[in-house]
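Residue-level structure breakdown
Here are the chains, one letter per residue:
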Amino acid sequence: MSKQGIVQAGILAALLSLAGCASGPGGSIYVPAGSGSPAPEPPQTAEDKNKKESRVWRKSEQTESRKSEPRQQRSNKPSYQNAGDELSPAALSLVNEADKLLKRGDTQGSIARLERAQRIAPRSSEVYFKLSEAYVAGNKLGPAEQFTLKGLTLAGNNARLQRSGWLLLADIRRARGNVAGASQAEKRASAL
């Protein structure tokens, strides 16, 4: 191809790309919502003119007088289960191994095993309480309190787990110097 042919091909490509970006005879295609005027009707064929169908309303064209479907009201209360998940054999094995490590004084190893158990059984309150105990043994009271609270949300209606969780929370709060929070947790435990 000659140099002149390449230039002509480049000009042709530029013109075609500009022509593709131009708007049609009706103006812009985009009509923003709330522009005041309804959107233009789409073109109709002979078959469409014979059919008398009800008009399909666009959401932006609907007036407020049109009644919308009633929405179901959502409760503000959290949805707790009746009880947390049971421990799978793998998670139970990791919890037992973590207990042995904790008795030997290896808090980091115990926490690592319990975090693995948590990934296996993420809805088991027992794992969260054990993880909290391991953090207390490692003198990390902030995460210990958070894991205890998470365990309490997963304990559901199990009074034994609830009571042990509230007592654990009371001990952690007392160790952190929150005496009022500790007494409040003890009251919750005694109420069960």
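In this report, we go over the structure that sits alongside the text. (Residues numbered from 1 in each chain as written. Predicted model: local features only at pLDDT ≥ 70, side-chain atom pairs only at ≥ 80, totals over all residues. Heavy atoms only, no water.)

1. A few points about the packing of helix α5 (residues 125-137) against helix α7 (residues 159-175)
Between α5 and α7, the least distance of the axes is 11 Å, while the angle of their chain directions is 20 degrees. It follows that α5 is roughly parallel to α7 by the angle criterion. In the packing of α5 onto α7, the handedness of the crossing is left-handed. On the side of α5, the interface is formed by Ser125, Glu126, Phe129, Ser132, Glu133 and Val136, while α7 contributes Arg160, Leu161, Ser164, Gly165, Leu168 and Ile172. When its residues are assigned to classes, the contact of α5 with α7 shows 5 nonpolar, 4 polar and 3 charged. (Axes fitted to C-alpha atoms, helices over the stretch in contact; angles between N-to-C directions. Helix = DSSP H or I, 4+ residues; strand = E, 2+ residues; numbered from the N terminus. Parallel < 35°, antiparallel > 145°, perpendicular 65-115°, else oblique. Left-handed = near helix turned anticlockwise from the far one by under 90°. Contact = heavy atoms within 4.5 Å. Nonpolar A, V, L, I, M, F, W, Y, C, P; charged D, E, K, R; others polar.)

2. A few points about the side chain of Ser125
You can see Ser125 is positioned in helix α5. By relative accessible area, which is 2% here, Ser125 ends up buried. (Buried < 20%, exposed > 50% of the residue type's maximum accessible area, 1.4 Å probe, protein only.)

3. Digging into the nonpolar core
Core analysis: the largest hydrophobic core is formed by 29 residues, its most contacted members being Leu87, Val95, Leu114, Ala117, Leu131, Tyr135 and Trp166. Once residues lying within four places of it in the same chain are set aside, the contact partners of Tyr135 are Ile111, Glu115, Lys140, Pro143, Ala144 and Phe147. (Core = buried A, V, L, I, M, F, W, Y, C linked by side-chain atoms within 4.5 Å.)

4. Describing helix α6 (residues 141-154)
For an α-helix, 3.6 residues make a turn, and residues three or four places apart therefore share a direction. The end-to-end C-alpha separation of α6 is 20 Å, in line with the 20 Å expected for 14 residues at 1.5 Å each. Every buried residue belonging to α6 is among Leu141, Ala144, Glu145, Phe147, Thr148, Gly151, Leu152 and Leu154, and all of these are buried. The inward-facing, buried residues of α6 contact α4 (107-120), α5 and α7. Positive phi shows up at Gly156, right after α6, with a value of about 60 degrees. (Expected span 1.5 Å × (residues − 1).)

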